[in-house]
Amino acid sequence: MAKHLIDLVTQKFPGAVIQSHSNHGDDTLVLEAASWHDVAQFLRDDPRCAMQMLVDLTAVDYPDRDPRFEVVVHLHSLTLGHRIRIKTRVGDPDGEVVRVASISDLWGSANWAEREAYDMFGVEFVGHPDLRRILMYPEFVGYPLRKDYPADKIQPLIAYREVENIEKLPPFGKDEGMSFGRQTHSYGQRSNEQESN
Amino acid sequence: MEPLDQELDESEIELPTEPMLLNVGPAHPAMHGTVRCVMELSGESIQKVDVQVGYLHRGFEKMCERGTWTQIFPYVDRTNYVSPMLCNVGFALACEKMLGVTVPERCQWYRMALGELARMSDHLTCDGAMAMELGAFTPFLWMIKGRDMIWDLMEEETGARMTHSFGRVGGMAAPPTAGFKENARAVSEQILKIIEEVERLLLGNRIFLDRLENVGIISQEDALSLGWTGPCLRATGLPYDVRKASPYLKYDEVDFDVPVGSTSDCFDRFMVRIEEMKQSARIIEQCIARMPDSGPVNIDDPRIILPPKDEVYNTIEGTIQHFKIVMEGLKLPAGEVYAYTEGGNGEYGFYLVSDGSGTPWRVRIRPPCFYVTSGLERVITGRMMADVVPCFGSLNMIGGECDR
């Protein structure tokens, strides 16, 4: 399908392509992490590639490999009708330092996708404008889609969050809060009195 | 009496204002119960917004790595629970792409007919809910009535109304019932009638149109960059439909049009869905006409498809085969594949990584909703608070698919 894309990128960035294949008809390039952003930009801007859409960005964990993680991106050109998958390998075997350049400045869809990859795998995208968890909550410990994260692991209970600039906190007064919580009608008062008696 | 603003005219008092922080959702009906928007409001217009998803995250991608490939079907059912058949077929096609097999012709037509019915139910839900959120309750009830007809048909075919788990790698769980063609034709005709009624009720309604027209506009470049697909992208005027661009099953043999919008506002997104339902009805008609009444539904490969029950109970080969597929799972060759279909909300893709054992190494579901919802921020920033409801409704955020 888009075999010429593989040749094109290999010619343009001879040192960047580690490996390429077209298994099951999906053209794939495995790239050096250092040239991740450059190749992505070339694929987007070059008129022969014209990848207007970043279809998906995700990561895969291979705990036995070094580098341990693969960041996988699927690109699609609507005008030329071709697709390509680019991958890069990052991270040490312990998964402590996992860094790759963010491509969220090239495609808007990479913004949330990179946040998800960070949330699920702990891949840190350098240059991302707003890298925080997206599906999990901020207090979540660990990265759930890593292979060494047990599926039945129990997370610690979290305390109430400290929220700044909240003027009013419960308990609310008689005339505040939800209408169903107001005890202004006579029945409620009477029953309270009876109970206290 | 003196005018009240007499003094104000002389000394221009600037009223101290500061943006109000408003939290909408996750338990807010307009947010469909699963999205939270933290908005910074100046008066009624939205200055800044932070869209937070993840309240329906159930860890499906993690769960998928624990069982066999076949056991993933119930999970993908529960991603887009309004059109689970499309998800089922999408996943089956991804596995089949990896195995390099093609299902028999009868099954392909069957999958298409069921898939288009599911697409109708998806669009009916979206458009109906959108109308309801704007105060038009009757069209919602009519459309949900239509959706229920589809679900009744699905129940007859699959045994379940919503989460069918009906797809199988290499075929379907059961062949079409004897009355399938007749029922499907009747249902699609009735739904066309409902759509006509809904159009008559809504498209002449000034209030409804005013809430939708020129609201929530996004440029084509932005939509592309954000990875929008499906009806939301087509509303911007780009005729990108996976069924046309890279046909799977028999979509290259059927005749249908891809409706596109022109201004890419909420009204276009609404109308694209309405038109797509009519196209789906056309496709269903052609599928029914061309689906053979007899013949195999599943491929003939004992390594992939469970043997018939009488063989399982009466022959040793059948027993062993059944045991191996159930206990070890069917084996997909080692490697990776990305397969995509047109789901209810756009390109519904699967990136599968197999290590050659019966257990998936990684199942990545490419959710169209996730990317569409990421554009909500751009759609509503600068608009009025009341526009959030039609904008959010027109994007058709399905929580299960967005958060997985």
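Below, the structure is looked at part by part. (Residues numbered from 1 in each chain as written. Chains lettered and ligands numbered in written order. Predicted model: local features only at pLDDT ≥ 70, side-chain atom pairs only at ≥ 80, totals over all residues.)

**A look at the overall build of chain B**
So, step 1. Helix and strand content of chain B: 18 helices and eight strands.
So, step 2. A globule of 404 residues ought to have a C-alpha radius of gyration of about 22 Å, and chain B, at 24 Å, matches this closely.
So, step 3. Taking the principal axes of the C-alpha coordinates as reference, chain B spans close to 105 × 45 × 30 Å.
So, step 4. Residues counted as buried form 52% of the 404 residues belonging to chain B.
So, step 5. In chain B, 70% of the contacts between residues at least 6 apart in sequence involve partners at least 24 apart. (Helix = DSSP H or I, 4+ residues; strand = E, 2+ residues; numbered from the N terminus. Rg over C-alpha atoms; globule rule 2.2 N^0.38 Å. Buried ≥ 20, exposed ≤ 12 C-beta atoms within 10 Å, placed from the backbone. Contact = placed C-beta atoms within 7 Å.)

**Some points on the packing of helix α5 (residues 105-133) of chain B against helix α6 (residues 137-158) of chain B**
Residues and elements named next belong to chain B.
So, step 1. Between α5 and α6, the shortest axis-to-axis distance is 8 Å and the interhelical angle comes to 160°. Viewed along their axes, α5 and α6 adopt a mutual orientation that is roughly antiparallel. For the pair α5 and α6, the crossing hand works out as left-handed. Contacts from L114, L117, M120, S121, L124, T125, D127, G128, A129, A131 and M132 of α5 reach α6 at F137, P139, F140, M143, I144, G146, R147, I150, W151, L153 and E157.
So, step 2. The residue inventory of the contact of α5 with α6, partitioned by class, reads 15 nonpolar, four polar and three charged. (Axes fitted to C-alpha atoms, helices over the stretch in contact; angles between N-to-C directions. Parallel < 35°, antiparallel > 145°, perpendicular 65-115°, else oblique. Left-handed = near helix turned anticlockwise from the far one by under 90°. Nonpolar A, V, L, I, M, F, W, Y, C, P; charged D, E, K, R; others polar.)

**Topic: the interface of chain B and chain A**
So, step 1. The interface of chain B with chain A comprises 32 residues on the first partner and 26 residues on the second.
So, step 2. Secondary-structure elements contributing two or more residues to the side of chain B that touches chain A are α2 (60-64), α4 (84-99), α9 (220-225), β6 (335-343), β7 (346-354), β8 (360-366) and α15 (368-374) of chain B.
So, step 3. If one sorts the elements of the side of chain B that touches chain A by residue count, β7(B) sits on top with four residues.

**Focus on the sheet that holds strand β3 (residues 45-52) of chain B**
All names here are of chain B.
So, step 1. Taken in spatial order, the three strands of this open sheet run β1-β2-β3, and their pairing is antiparallel. The outermost strands of the open sheet, each flanked by one partner alone, are β1 (20-24) and β3. Taking each pair of neighbouring strands and ignoring which way they run, the sheet shows an average axis angle of 20°.
So, step 2. Across seven bridges, the pairing between strand β2 (residues 36-42) and β3 is antiparallel. Bridging from a neighbouring strand, V38 pairs with D50 of β3. (Pairing = 2+ DSSP bridges.)

**As for the packing of α6(B) against helix α7 (residues 180-202) of chain B**
Residues and elements named next belong to chain B.
So, step 1. Following both chains from N to C, one finds α6 and α7 inclined at 170°, their axes separated by 9 Å at the closest point. It follows from the interaxial angle that α6 and α7 lie roughly antiparallel. For the pair formed by α6 and α7, the contact residues are T138, P139, W142, M143, K145, G146, M149, I150, L153, E156 and E157 on the first element and F180, N183, A184, V187, Q190, I191, I194, E197, V198, L201 and L202 on the second.
So, step 2. Residue composition of the contact of α6 with α7, grouped by class: 14 nonpolar, four polar and four charged.

**Some words on unusual backbone geometry**
So, step 1. Between A:D66 and A:P67 the backbone carries a cis peptide bond, its omega angle lying at 0°.
So, step 2. Among the structural elements, A:P67 can be located in the loop between β3 (53-61) and β4 (69-76).
So, step 3. Even without a glycine there, the phi angle at B:S165 is positive, about 50°.
So, step 4. Checked against the element boundaries, B:S165 lands in the loop between α6 and β4 (167-168).

**Focus on α4(B)**
All names here are of chain B.
So, step 1. The end-to-end C-alpha separation of α4 is 23 Å, in line with the 22 Å expected for 16 residues at 1.5 Å each.
So, step 2. Burial within α4 is extensive, with 16 of its 16 residues counted as buried.
So, step 3. Where α4 terminates, the next one or two residues include G100, which has phi positive at roughly 75°. (Expected span 1.5 Å × (residues − 1).)

**Observations regarding the nonpolar core**
So, step 1. The biggest cluster of nonpolar side chains holds 161 residues, and the ones touching the most others in it are A:V123 and B:A113.
So, step 2. The biggest single contributor to this core is α5(B), with 13 residues.
So, step 3. Among residues more than four places away in sequence, those in contact with B:A113 are B:A184, B:I284, B:C287, B:I288 and B:M291. (Core = buried A, V, L, I, M, F, W, Y, C linked by C-beta atoms within 7 Å.)

**With respect to the pairing of strand β5 (residues 83-90) of chain A**
Residue and element names in this part refer to chain A.
So, step 1. Of all eight residues that make up β5, seven are buried, and the element is covered over most of its length.
So, step 2. Bridge count between β4 and β5: eight bridges; the pairing is antiparallel. What sits directly across from E70, in β5, is R89.
So, step 3. The loop that links β4 with its antiparallel partner β5 comprises six residues; one of these, G81, has a positive phi angle of about 75°.

**Some remarks on the sheet that holds β8(B)**
What holds strands together in a sheet is hydrogen bonding between their backbones, with the strands either parallel or antiparallel.
All names here are of chain B.
So, step 1. The strand order across the open sheet built from three strands is β6-β7-β8, with neighbouring strands paired in antiparallel fashion. Here the strands that pair on one side only, and so sit at the sheet edges, are β6 and β8. With strand direction ignored, the average angle separating the axes of adjacent strands in the sheet is 15°.
So, step 2. Alignment of β7 against β8, held across six bridges, turns out to be antiparallel. Its bridge partner being in β8, F350 is matched across the sheet by I365.
So, step 3. Contacting β6 and β7, α4 runs over the sheet at an angle of about 150° to β6.

All we've got here are geometric facts, nothing functional implied.
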